[in-house]
Amino acid sequence: MINDDPELLALMLADTKAAPVLYRPTNYWKVYEEQFMSELAQMGLRDFRRRRNSVLQSFGASDLREPLVTFDLRRLRYVNNRVFRRIPRWETLLARLSAWLAGAVAVRDDLGVEGLQRLAISVCEDAATPVPSARPVSDLEMSIEGGPEEVFEYHGRTYSIPFLSYYLRYVFASRFIDLETIAIFAELGVGLGRQVEVIHKLHPRVTILAFDIPPQLYVAHQYLSAVFPDDVLDYRDTRLLVGLTGLAPGKIYILGAWQFPQIATISVDLFWNAGSFQEMEPEVVGNYLGLVRGSVGAVFLQQLMEGKEVAARPGVHGVLAPTTFEHYRRFLEGFDLVHMEPSLTVTGGRHQYKDSFWRKRKKR
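Sequence order as written defines residue numbering, which begins from 1 separately in each chain. Given that the model is predicted, a residue must reach a pLDDT of at least 70 before its local features are reported, and side-chain atom pairs must reach 80 or more before they are shown or counted; all residues, however, enter totals for whole chains, interfaces and linings. The side-chain figures draw on all heavy atoms in the structure; neither hydrogens nor water molecules are used.

Draft legend 1. Geometry of the pattern of salt bridges. Between Lys or Arg on one side and Asp or Glu on the other, a salt bridge is scored when a side-chain nitrogen of the former is within 4 Å of a carboxyl oxygen of the latter. Within this structure, the stated rule accounts for 14 salt bridges. A salt bridge links Glu149 to Arg52; the nearest nitrogen and oxygen atoms lie 2.8 Å apart. Placement of Glu149 in the loop between helix H5 (110–128) and strand S1 (152–154) and of Arg52 in the loop between helix H3 (33–43) and helix H4 (90–105) is noted, with a sequence separation of 97 residues between them. Exposed residues in this analysis have more than 50% of their type's maximum accessible area, buried residues have under 20%, and partly exposed residues fall in between, with area computed by a 1.4 Å probe over protein chains only. With a relative accessible area of 16%, Glu149 lands in the buried category. Assessed through its relative accessible area of 42%, Arg52 is described here as partly exposed. The shortest N-O distance in the salt bridge between Asp63 and Arg194 comes to 2.8 Å. Of this pair, Asp63 sits in the loop between H3 and H4 while Arg194 is found in helix H7 (residues 194–202), placing the two residues 131 residues apart along the sequence. In this structure, Asp63 and Arg194 share a single accessibility class: buried. Salt bridges here are not isolated pairs; linked through shared partners, they connect Asp5, Asp234 and Arg236. Runs of E in the DSSP output that reach at least two residues are strands. Runs of H or I that reach at least four are helices, and both are numbered from the N terminus.

Draft legend 2. Spatial organisation of H3. Those residues of H3 lying buried are Phe36, Glu39 and Leu40. All buried residues of H3 project into a common sector of 95 degrees when viewed along the axis, lining one side. Exposed side chains of H3 directed beyond 90 degrees from the buried face belong to Glu34, Ala41 and Gln42. Contacts were defined at the residue level, with two residues in contact if any of their heavy atoms lie within 4.5 Å. Structurally, H3 contributes buried residues whose contacts are with helix H1 (6–18), helix H2 (27–30) and helix H8 (216–227). Note on H3: the residue one or two positions beyond its end, Gly44, has a positive phi of about 60 degrees. For this quantity, the arc is that covered by the directions from the helix axis to the C-beta atoms.

Draft legend 3. Representation of the nonpolar core. Residues belong to a common nonpolar core when they are buried Ala, Val, Leu, Ile, Met, Phe, Trp, Tyr or Cys residues joined through side-chain atoms within 4.5 Å. Counting residues in each nonpolar core, the largest one holds 110 residues, and the members touching the most others are Leu209, Phe271 and Phe277. Looking at this core element by element, the count peaks at 10 residues for helix H6 (residues 161–174). Not counting the four nearest positions on each side in its chain, Phe277 is found in contact with Leu188, Phe271, Val285, Tyr288, Leu289, Leu301, Gln303, Thr323 and Tyr328.

Draft legend 4. Region of interest: the confidence of the model for the protein chain. For the protein chain, per-residue confidence averages 91 on the pLDDT scale, and 89% of positions sit at 70 or higher. The score called pLDDT rates the predictor's confidence residue by residue, from a low of 0 to a high of 100. This model gives residues 103–111 a pLDDT under 50, and the stretch forms 13 contacts once residues within four places in sequence are excluded.

Draft legend 5. Looking closely at the environment of Leu202. Along the chain, Leu202 falls in helix H7. Look at Leu202 and you get buried, because its relative accessible area is 0%. Separated by 63 residues in the primary sequence, Leu202 and Asp139 place their C-alpha atoms 7.1 Å from one another.

Here is the structure:
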């Protein structure tokens, strides 16, 4: 069971407000702040993974049964371009309209749902087969803490369609690094903590540093504490850390984004950011990756490399300036781009996000 802890959330928020501005929520997330607090105050975390029209969906904290046929109007440039994105919350409107259109024409019968689930498992198995260092999906099982709506069993193990997409990210990275051989994994922007769940279950020996801003950090803290009660270090303790030396193997450290400079005190084998940097302005991303350059050996990024939608003005949905591939290349000076490709989906297709793997260049 996932417990509510309003005092912990209040502590995280107070620490955020006291942090330097580069580590506070950017324009993209400030827009959601009031909605986050309202929902958490009224509904808490009970069965949050099955809530529809929840603001927690904004950082991937839902497992819902979606229609087999989907429409994503955000991919159509004639309704999603610079002109239309000046309209406040235009992308949100397109997302809701897309969901309505899909629901209006899609029929989910049992055979169709089961077929989609089998396809998702098959894609995961096929992706992992040629990657010797990747643990098979059959070694993994999703937690049902938080009451997910989309749940199915395969060979006695529990999965959801959204959860399997995080396994595919793991497989991509495993093509270039064997996570069984690393000591420290750090993720900035953990959201619900799904990637942490995948890594910890498949490679329990790895120490994990999970950074984010609240309320995402709060939700991840409560979720991961319920899933791994013996392995998650309480934020009330980790917030007091000065430096990250002497980390315990196999433990999960929940840390505020403002604690990220402490990675300079250790060597991190793999740094991870999926869909989070694109929601920040270039100067913010440059600050984080400047710290990464000094202490990290390899980097995984999954981003919209052309940048996220631009807000019409501060205080409305979007970023104030887009972070693009050219920024990542410049901010990761001293790293080689090993590989980049459109992200694989659980249905076997590719979408506009791109997975990339970067490795620090060896000094001669």
